[in-house]
Amino acid sequence: MSIQYWEYEDAPVKEKMKNPSVKEVAKIYFDNETRAYRFARALLEVKEKGQLRLKDCSTDLPVATWKRYLDFGVMVGILKHEASLYSFTDRYSKPFKNIPLYIKSWVDTDKKEDVSLLFVTAKTGKQKPRRTESKDSN
């Protein structure tokens, strides 16, 4: 996690609350631009649909990737997974006092965000399969 505590003290968080962004939410948990992009995509899918099933995720990323990042959202307490549906929840840990306020503020906004513009250097497509040579290929 790349949480920098000073960014979420009272004064800085009040400034950030004026214009919450999925990028800031994803950057809390991931330093890596590609991972932050994928987590942001997962959060935006849930936000747009309200509740999300894995089979309803877009096909630009593999289902395993969607599951990994949605399950990470469940693990950190942003999402809940009940009856095969992912949706937002309010289960936040008390030490992260201002982070939940920021995330809640972002969830409640109606602003459209394009994650491909927010994470310009992220690898956005599917990866090539990693194949190894079999033992019989002498």
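Scroll up for the structure.
The following refers to the structure shown. Just so you know, these numbers come straight off a predicted model, no measurement behind them.

Criteria and thresholds
- Residues numbered from 1 in each chain as written.
- Predicted model: local features only at pLDDT ≥ 70, side-chain atom pairs only at ≥ 80, totals over all residues.
- Heavy atoms only, no water.
- Helix = DSSP H or I, 4+ residues; strand = E, 2+ residues; numbered from the N terminus.
- Contact = heavy atoms within 4.5 Å.
- Areas by Shrake-Rupley, 256 points an atom, 1.4 Å probe, with all protein chains shown as cover.
- Buried < 20%, exposed > 50% of the residue type's maximum accessible area, 1.4 Å probe, protein only.
- Pairing = 2+ DSSP bridges.
- Core = buried A, V, L, I, M, F, W, Y, C linked by side-chain atoms within 4.5 Å.
- Phe/Tyr/Trp six-rings, centres within 6.5 Å; stacked < 30°, edge-to-face > 60°.

Looking at the overall build of the protein chain
Secondary structure assignment for the protein chain yields six helices and two strands. Sequence-distant contacts, at least 24 apart, represent 63% of the contacts inside the protein chain between residues at least 6 apart. For the protein chain, the exposed surface amounts to about 9,000 Å²; the carbon and sulfur share of it is 51%.

Points about the pairing of strand S2 (residues 85–88)
Burial along S2 is two-sided: the residues Leu-85 and Ser-87 and Tyr-86 and Phe-88 are all buried. Both strand S1 (residues 79–82) and S2 contribute to a ladder of four bridges, which runs antiparallel. The residue of S2 that forms the bridge with Lys-80 is Ser-87. In textbook terms, the turn of a hairpin is the stretch between consecutive antiparallel strands, and for S1 and S2 this stretch comprises two residues, one of which, Ala-83, has a positive phi near 55°.

Considerations on unusual backbone geometry
A positive phi angle, near 55°, is found at Ala-83, a position not held by glycine. With a phi angle near 65°, Ser-84 is a residue other than glycine that sits in the positive phi range. Mapping Ser-84 onto the fold places it in the loop between S1 and S2.

What to know about the nonpolar core
Ranked by size, the top nonpolar core spans 34 residues in total, and within it Tyr-29, Phe-39, Leu-43, Leu-70, Ile-78 and Phe-119 carry the most contacts. When residues of this core are traced back to their parent elements, those giving at least two are helix H2 (22–29), helix H3 (33–49), helix H4 (63–76), S2 and helix H5 (98–108).

Some points on the packing of aromatic side chains
For the structure shown, the criterion picks out eight aromatic pairs. Relative to Phe-72, the ring of Tyr-29 has its centre 5.7 Å away and its plane inclined at 80°; by these criteria the two rings are edge-to-face. In this pair, Tyr-29 sits in helix H2 while Phe-72 sits in helix H4, placing the two residues 43 residues apart along the sequence. Arranged with centres 6.3 Å apart and planes meeting at 75°, the rings of Tyr-37 and Phe-119 form a pair that is edge-to-face. Taken together, the positions of Tyr-37 in helix H3 and Phe-119 in the segment after helix H6 (115–118) put the pair 82 residues apart, joining distant regions of the chain. Like Phe-119, Tyr-37 is buried. Taken together, the ring pairs in this structure connect Tyr-29, Phe-30, Phe-39, Tyr-69 and Phe-72 into an aromatic cluster.

Any functional reading would require information that these geometric values do not contain.
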